[in-house]
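# Architecture and fold: a report
Spelled out from the first residue to the last, the chains are:
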Amino acid sequence: MSAQKRIGIVCYATYGGSGVVATELGRELARVGHKVHFISNQMPFRLETGEFYENIYFHEVAGMVYDAMPARSYGLEMASKIVQIVDDEKLDLIHAHYAVPHAISGIIAKQVLRPRNLKIVTTLHGTDITLVGSAPAYYPLTQWAIQNSDAVTAVSTWLRDETYRTFGDSKKVMVIHNSVDTKRFSPRSTCDYRCNFAKPEERIILHLSNFRPVKRVADVIRSFALIRKKVPSKLLLIGDGPEREKTLELARELGVMDATYFLGKQAMIENYFAIADLLLFPSSYESFGVAALEAMSSGVPVVATLGSGLSEVVMDGVTGYLRPVGDIEALAAASIDILSDSKLHESMGTDGRKRATCCFESTRILKLYEDLYDDVLAEREPREPDPCVAHLCATESKTPKNR
Ligand code: GMT
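What you are looking at is a predicted structure, and each value in this text was computed from that prediction instead of being measured.

Our next topic: the pattern of salt bridges. On inspection of all chains with the given rule, the structure shows 28 salt bridges. Across the pair arginine 31 and glutamate 28 runs a salt bridge, and its minimum N-O distance is 2.7 Å. With arginine 31 and glutamate 28 both in helix 1 (residues 17-31), this residue pair falls three residues apart, about one helical turn. One salt bridge connects aspartate 219 with arginine 216, and the closest N-O pair in it is separated by 2.6 Å.

For the rest of this paragraph, the subject is the nonpolar core. Across soluble globular proteins, you tend to see nonpolar side chains buried next to one another. Formed by 67 residues in total, the largest nonpolar core has its most connected members in Ile94 and Leu279. Of the residues that make up this core, three or more belong to each of domain 1 (6-175) and domain 2 (191-358). Residues Ile205, Phe262, Tyr321 and Ile338 belong to the second largest nonpolar core, which totals 29 residues.

Looking now at the domain arrangement of the chain. By domain assignment, the chain separates into domain 1 (6-175) and domain 2 (191-358). A straight line from the C-alpha centre of domain 1 to that of domain 2 covers 31 Å. Residue-level contacts link 13 residues of domain 1 with 17 residues of domain 2. Carbon and sulfur atoms make up 57% of the surface buried where domain 1 meets domain 2, a total of about 1200 Å² over both sides. Summed over the shared surface of domain 1 and domain 2, the number is zero salt bridges. Our count for the contact surface shared by domain 1 and domain 2 stands at six residue pairs in polar contact (both at pLDDT 80 or more). Broken down by secondary-structure element, the contributors of at least two residues to the side of domain 1 that touches domain 2 are helix 4 (127-133) and helix 6 (157-167). Among the residues making up the side of domain 1 that touches domain 2, the classes are represented as six nonpolar, six polar and one charged.

What counts, and where the lines are drawn
- Every chain is numbered on its own, with residues counted from 1 as its sequence reads.
- Local features are withheld for residues below a pLDDT of 70 in this predicted model, meaning they are given only at 70 or higher, and side-chain atom pairs are given and counted only at 80 or more; totals for whole chains, interfaces and linings count all residues.
- Processing note: side-chain calculations cover all non-hydrogen atoms of the structure and skip hydrogens and water entirely.
- A pairing counts as a salt bridge when a side-chain nitrogen of Lys or Arg comes within 4 Å of a carboxyl oxygen of Asp or Glu.
- Put simply, DSSP marks the helices as runs of H or I at least four residues long and the strands as runs of E at least two long, and each gets a number from the N terminus on.
- Residue types Ala, Val, Leu, Ile, Met, Phe, Trp, Tyr and Cys, when buried and joined through side-chain atoms within 4.5 Å, form a set referred to as a nonpolar core.
- Each residue is placed in one exposure class: buried if its accessible area under a 1.4 Å probe, protein chains only, is under 20% of its type's maximum, exposed if it is over 50%, and partly exposed if it falls in between.
- Each domain span listed reflects an automatic or database assignment of domains.
- Any two residues having at least one pair of non-hydrogen atoms within 4.5 Å are treated as being in contact.
- Buried surface area refers to the total accessible area, computed with a probe of radius 1.4 Å, that the two partners give up upon joining, counted for both partners together.
- Here a polar contact is recorded for every N or O atom pair within 3.5 Å, except that within protein the pair must consist of a potential hydrogen donor and a potential acceptor, and residues adjacent in sequence are included only if both atoms are side-chain atoms.
- Any residue outside Ala, Val, Leu, Ile, Met, Phe, Trp, Tyr, Cys, Pro, Asp, Glu, Lys and Arg is labelled polar, Gly included; the first ten of those are nonpolar and the last four are charged.

Structural data, given as structure tokens:
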């Protein structure tokens, strides 16, 4: 184990995505003895369990609206808060999750705190690069934050390459994949409350997202309408966001409302993976796709889309199927294949679990971050994560079951 450190984690407290990854990493770091200080606009939601977490502290960034200011300056308030917490708590480094504004705030704080040599590790998550950071309003500052971080990581090779394409490759970006708690997300043989949603002969299809356009929830509904014609099934939708109303309307229009449950935001999502037979995840792109990994860890096959970081998580034909974005017929056919062939379903679930445990287990990913922090603090070139592990994971699974 690396020496105990005082680490500031700067993240969004959001439901899903980067906030979840940052929170789970912080919990792991605290579990092995590091002092972890979360700095965020509100308590990260996965810490709101009412439990006591040793070694974890939370610092809220207070908002201030001043008459002359047209809006709240969250990024600047965050920079000031980081300066204050680094000083008060003698933090060794800040790990900023999401480029805008967290990495930018971290670098500003680093400048303010000179000559103290505060180290900044930035993790890029996806939309911070593909949507926000690349927009003209933020591009120069995002590029500056990437250049001036002490180390930059991306959650997939796909995202690293997108970052190089958008911002140039003069700053090295290291790939550290997201992780999963394989104990929390694990296959369960019995589940009493499955019967709340489906009859014994029906299959349960799950989708989980923040209902942003990139998630293409309409494709879930359209695919489900086709799947249902062949396989008696129910659809469970978890999460909430801008496309929810449109999704409801579409479900009504396609006549699948009676078989669809809109469950909103849920804290104990592992319980839903435990009763699901398939995760349907048809995003236009995902830098990674944490929900796909959580499904695999729970032994649930995944049907998702080709061409982004999802290909580094789901092994096409082995732990699920990957189909072209927007190809409803292909998504539905792949789902029907899995749901109507119990052998295929079982082996995809087993291989998904195996892959999640071997490649993405949280203690393995934790070690990669600890090594990175050690290297950054010692001002050494960061060690590359061993590529053989991912390769071994890829070859460990059986021959693709594509037919
Ligand atoms: O997917 C979202 O809309 C949320 C977003 C975020 O930044 O919170 O998620 C991004 O980061 C996650 C954690 O690293 C990744 O698993 C998601 O794939 C990524 N989302 C996209 O790339 C669209």
